[in-house]
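# Observations on the three-dimensional arrangement
Residues per chain, in single letters:
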Amino acid sequence: MRSSENGIESSKEISQSEENVINFLDSMDTYLILVDSLSSALRQGWFELASARQSMGASRVNSSLFDLKSHHASTTFQVDEHEDIELPHFTLCKWASSDDPEKYSEEAKFEEDELLRNKSDSPRPQQRGATSHCSEYQERSAEIGGSPVKVDNQAEKERFKSLSMFGALVSPKLRATQSSFEKALEIVVEISNVRSSLLRSYDQVHEELKNTK
Amino acid sequence: MYGFEAMTFNIHGGYLEAIVRGYRSGLLTAADYNNLCQCETLDDIKMHLSATEYGPYLQNEPSPLHTTTIVEKCTLKLVDEYKHMLTQATEPLSSFLEYIRYGHMIDNVVLIVTGTLHERDVQELLEKCHPLGMFDSIATLAVAQNMRELYRLVLVDTPLAPYFSECITSEDLDDMNIEIMRNTLYKAYLEDFYRFCQKLGGATSEIMSDLLAFEADRRAVNITINSIGTELTRDDRRKLYSNFGLLYPYGHEELAVCEDIDQVRGAMEKYPPYQSIFSKLSYGESQMLDKAFYEEEVKRLCLAFEQQFHYAVFFAYMRLREQEIRNLMWISECVAQNQKARVHDSVVFIF
């Protein structure tokens, strides 16, 4: 009887350790895919920037036009570290109104569970992330009594405002550049969340290996 | 009298026409571009350019090179050639050559004003200005708070003064006002250049009218596409279009109300010269429109050299060199970013 109970416990421990290893490998896989996506997004962004310079002229697209006046950031990054939550959670708040930075018009939350759940559906996390945060925007704006159209208009307005340092009438290529770098920023936040999960999984596996020795 | 330029042109313009035709023979060929497109690093590009007329300008540049250095040095060559022609020119050719600079002067004015609005250092902005557009009091632009001051303090003594009459207001300078000022100035400049060429008459008038009309039409299309989805109203957009060109006035009426690229295509395809440009693009796409316009422009500029005894060759040469410098900038960027597969997206062959 006792040997069968010991057998059941040991098999439960083995399955738990296997699950931890699988979680670690899953996180590692997601992390590598995201790093690759980030590299592609940045590469695309820089190429489109060169294309915009070609189109608009070097005098209209150069670093000497960056706005050095103090102003509120339209996109901010938050770290939630609560006692109840094991892992720090990173959130990107995009295109907040620069007139009233307390009011967030859009949020992108990249839940690590959602990422792991959706990993098998598509190899392109930035598309998954975009899909997940679009639906979240609609839910969130519905909660606060707004409408998706208003949220989109506010975001478009802030996008236009941030590009206006290069002039009020910019080429569509420059807007494409902005989208690419925006995607890259979202992927960076996803990487942060996945890395956090990866490190936790690694610690768990490492702990188990130490215990078995 | 048109057709009799051969009798008198060479008295004052013969030497410089020969000079500019000599300069034209130094433009890079397709073989040069093929070699450049196969370069692995910017130092390879420098090595290939050392065998061209750009060689003396790049030979002393230390490694590692930057793409902006290549563009800067190639532009210096263009400026040297322009200054040589300007110092040798007599009226009315000297005025004609001065007109070629005014576009760059407008760009420099807007760069300084925009940079000052963004609290940038004036010296840093001056380094980014195009050398062809420099004038003595350009640094004083930084003190102006509105367009009236801009005109009164600085621009009244420059060749751009006559172009300011349509945009003098006391409104403070902001991004939209600066953009409207840029386009209004350029519109006034193009119209003034057009009238000047018409007064010159002969082959200069005929060829320059075609080239400037194309420039005005291209600007109208770019203003339309760039203003889609912005706060610029239809009336303000219409006011930025030049009052000449193939699209004036009915094409402008249609462009003023366009809300997307397909409507722009619909308006432009009614004009046979532009139908061929838009036929190269797929629906909803505008990425290759710039290249298509540049290719058409290069074709027209090359045709200017087929006729003698007119000033349009000078304008054509300057524009062809600027296109060549754009090509070199693009090739350098593709090589630097390891995107050689995309290099033919924007290179426009001249010959």
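Residues numbered from 1 in each chain as written. Chains lettered and ligands numbered in written order. Predicted model: local features only at pLDDT ≥ 70, side-chain atom pairs only at ≥ 80, totals over all residues. Heavy atoms only, no water.

## Remarks on the overall build of chain A
To keep things clear, this is the line we draw: Helix and strand assignments follow DSSP, with helices taken as H or I runs no shorter than four residues and strands as E runs no shorter than two, numbered in order from the N terminus. Burial classification: accessible surface area is computed with a 1.4 Å probe over protein chains only, and a residue below 20% of its type maximum counts as buried, one above 50% as exposed, and the rest as partly exposed. The contact rule is simple, with two residues in contact once any of their heavy atoms fall within 4.5 Å. Values of accessible area rely on a 1.4 Å probe in the Shrake-Rupley scheme; residue burial ignores everything except the protein chains shown.
Tallying secondary structure elements over chain A gives 5 helices and 3 strands in all. Reading chain A from its N terminus to its C terminus gives the helix and strand order α-β-β-β-α-α-α-α. Split into buried and exposed, the 213 residues of chain A put 41% on the buried side. In chain A, the share of contacts with a sequence separation of at least 24, taken over all contacts with a separation of at least 6, comes to 68%. Surface accessibility of chain A: about 12200 Å² in total, with carbon and sulfur atoms responsible for 53%.

## Looking at the packing of helix α4 (residues 42-49) of chain B against helix α17 (residues 312-336) of chain B
All names here are of chain B. Heads up, the rule is: Orientation is described by axes fitted as lines to C-alpha atoms, over the contacting stretch for helices, and by angles from 0 to 180 degrees between their N-to-C directions. For this classification, the nonpolar set comprises Ala, Val, Leu, Ile, Met, Phe, Trp, Tyr, Cys and Pro, the charged set comprises Asp, Glu, Lys and Arg, and every other residue, Gly included, is treated as polar.
With their axes 9 Å apart at the nearest point, α4 and α17 run at an angle of 145° to one another. Note on element contacts: α17 touches α4 through Leu328, Ile331, Ser332, Val335 and Ala336, opposite Leu42, Ile45 and Leu49. Class assignment of the residues belonging to the contact of α4 with α17 gives a composition of 7 nonpolar, 1 polar and no charged.

## Topic: the packing of aromatic side chains
Residues and elements named next belong to chain B. This is how it is decided: Between 30 and 60 degrees the pair is tilted, below 30 it is stacked and above 60 it is edge-to-face, where a pair is any two Phe, Tyr or Trp rings, Trp via its six-membered ring, whose centres lie within 6.5 Å. Look at NZ for Lys and CZ for Arg. If either is within 6 Å of the ring centre and within 35 degrees of the ring normal, a charge sits over the ring.
Here the structure, examined in full by the defined rule, presents 27 aromatic pairs over all chains. Judged by centre distance (5.6 Å) and plane angle (75°), the rings of Tyr33 and Phe349 are edge-to-face. Linking Tyr33 in helix α3 (residues 30-37) with Phe349 in the segment after α17, this pair joins segments that are 316 residues apart in sequence. Against the face of Tyr54 rests Lys77, its NZ or CZ located 5.7 Å from the ring centre. Positioned above the aromatic ring of Tyr186, the side-chain terminus of Arg219 is 3.9 Å from the ring centre.

## Quick notes on the confidence of the model for chain A
Residue and element names in this part refer to chain A. To keep it simple, the criterion reads: For every residue, the predictor assigns a confidence score, pLDDT, that lies between 0 and 100.
Taken residue by residue, chain A gives an average pLDDT of 75. The fraction at 70 or more is 65%. The least confident element of chain A, judged by mean pLDDT, is helix α3 (residues 125-143) at 38; the most confident is helix α5 (residues 172-212) at 91. Low pLDDT, under 50, characterises residues 101-146; the stretch is placed with 77 contacts to residues that sit more than four places away or in other chains.

## Comments concerning the pattern of salt bridges
Residue and element names in this part refer to chain B. Operational definition: Salt bridge criterion: a side-chain nitrogen from Lys or Arg within 4 Å of a carboxyl oxygen from Asp or Glu.
All told, the structure shown has 36 salt bridges over all chains when counted by the stated rule. For Lys291, the salt bridge goes to Glu295, with nearest N and O atoms at 3.9 Å. Taken together, the residues span about one helical turn, with Lys291 and Glu295 both in helix α16 (residues 289-304) at a distance of 4 residues. Arg321 is the partner of Glu324 in a salt bridge, and the nearest nitrogen-oxygen pair spans 2.5 Å. On the criterion of helical spacing, the pair formed by Glu324 and Arg321 is a turn pair, its members being 3 residues apart in helix α17.

## Looking at the nonpolar core
Definition in use: The set of buried Ala, Val, Leu, Ile, Met, Phe, Trp, Tyr and Cys residues whose side-chain atoms join them within 4.5 Å is what this entry labels a nonpolar core.
Within the largest apolar cluster, 107 residues are counted, with the highest numbers of intra-cluster contacts made by Met85, Phe96 and Phe314 of chain B. With 15 residues, the single largest contributor to this core is α17 of chain B. Grouped together as the second largest cluster of nonpolar side chains are 28 residues, Ala168 and Leu169 of chain A together with Phe214 and Ala256 of chain B included.

## Brief notes about unusual backbone geometry
All names here are of chain B. The linkage connecting Ser63 with the following residue, Pro64, adopts the cis geometry, with an omega of 0°. Along the chain, Pro64 falls in the loop between α5 (55-58) and α6 (67-88). Cis rather than trans, the peptide bond between Glu91 and Pro92 has omega equal to -5°. Mapped onto the elements of the fold, Pro92 is located in the loop between α6 and α7 (93-117). At Phe309, a residue that is not glycine, the phi angle is positive and equals roughly 65°. By secondary structure assignment, the location of Phe309 is in the loop between α16 and α17.

## Brief notes about the state of the cysteines
Residues and elements named next belong to chain B. So the rule is basically this: Two cysteine sulfur atoms make up a disulfide if the distance between them is within 2.5 Å.
Per the stated rule, a full pass over the model turns up 0 disulfides over all chains. Sulfur of Cys302: no disulfide; nearest cysteine sulfur belongs to Cys37 and is 18 Å away. Judged by relative accessible area, Cys302 falls into the buried class, the value being 15%.

## Digging into α3 of chain B
Residue and element names in this part refer to chain B. Test applied: In this description, the arc belongs to the directions extending from the helix axis to the C-beta atoms.
Taken as a whole, α3 has its buried residues at Tyr33, Leu36 and Cys37. When α3 is viewed along its axis, its buried side chains cluster within an angular range of 95° and face the same direction. Next to the buried residues of α3 lie α4 and α17.

## Some remarks on the interface of chain B and chain A
Heads up, the condition is: What counts as buried area is the accessible surface, traced by a 1.4 Å probe, that two parts surrender upon association, with contributions from both included. Pairing of N or O atoms within 3.5 Å defines a polar contact, subject to two protein rules: one partner must be a possible hydrogen donor and the other a possible acceptor, and residues neighboring in sequence count only if both atoms are side-chain atoms.
The partner chain A presents 30 residues to the 41 residues of chain B that form the contact. Approximately 3200 Å² of surface area, both sides summed, lies buried where chain B meets chain A, with 53% of it carried by carbon and sulfur atoms. Together, His118, Arg120 and Asn226 of chain B form the three largest contributors to the area buried by chain B at its contact with chain A, with a combined 18%. Glu333 of chain B serves as the salt-bridge partner of Arg53 of chain A, at 3.8 Å between the closest nitrogen and oxygen. Along the contact surface separating chain B from chain A lie 17 residue pairs in polar contact (both at pLDDT 80 or more).

## Quick word on the environment of Glu269 of chain B
The residue Glu269 of chain B is located in the loop between α14 (261-268) and α15 (272-278) in this model. Filtering out sequence-adjacent residues up to four positions away, Glu269 of chain B remains in contact with Gln275 and Phe278 of chain B.

## Looking at the environment of His252 of chain B
All names here are of chain B. One can find His252 in helix α13 (residues 250-256). Aside from chain neighbours lying at most four places away, what touches His252 is Ala220, Tyr241, Ser242, Phe244 and Leu247. Of note is the side chain of His252, whose polar atom sits 3.5 Å from the backbone oxygen of Ser242.

## Remarks on the pairing of strand β2 (residues 89-93) of chain A
All names here are of chain A. Filter applied, for reference: Any two strands with at least two DSSP-identified bridges between them are counted as paired.
A large share of β2 lies buried, amounting to 5 of its 5 residues. Residues His89, Thr91 and Cys93 point to one face of β2 and Phe90 and Leu92 to the other, with burial holding for every one of them. One ladder, built from 5 bridges, connects strand β1 (residues 76-80) with β2; its direction is antiparallel. Among the inter-strand pairings, Gln78 is bridged to a residue of β2, identified as Thr91.

## Here we look at the packing of α16 of chain B against α17 of chain B
All names here are of chain B. To keep things clear, this is the line we draw: Note on convention: the crossing is left-handed when the near helix lies turned anticlockwise from the far helix by less than a right angle, right-handed when the turn is clockwise.
One can describe the packing of α16 onto α17 by two numbers: an axis separation of 9 Å at closest approach and a directional angle of 145°. Note that α16 runs across α17; the crossing there is left-handed. Together, Tyr294, Glu297, Val298, Leu301, Cys302 and Ala304 of α16 and Ala312, Val313, Phe315, Ala316, Arg319, Leu320, Gln323 and Arg326 of α17 make up the contact between the two elements. Grouping the amino acids of the contact of α16 with α17 by side-chain chemistry returns 10 nonpolar, 1 polar and 3 charged.

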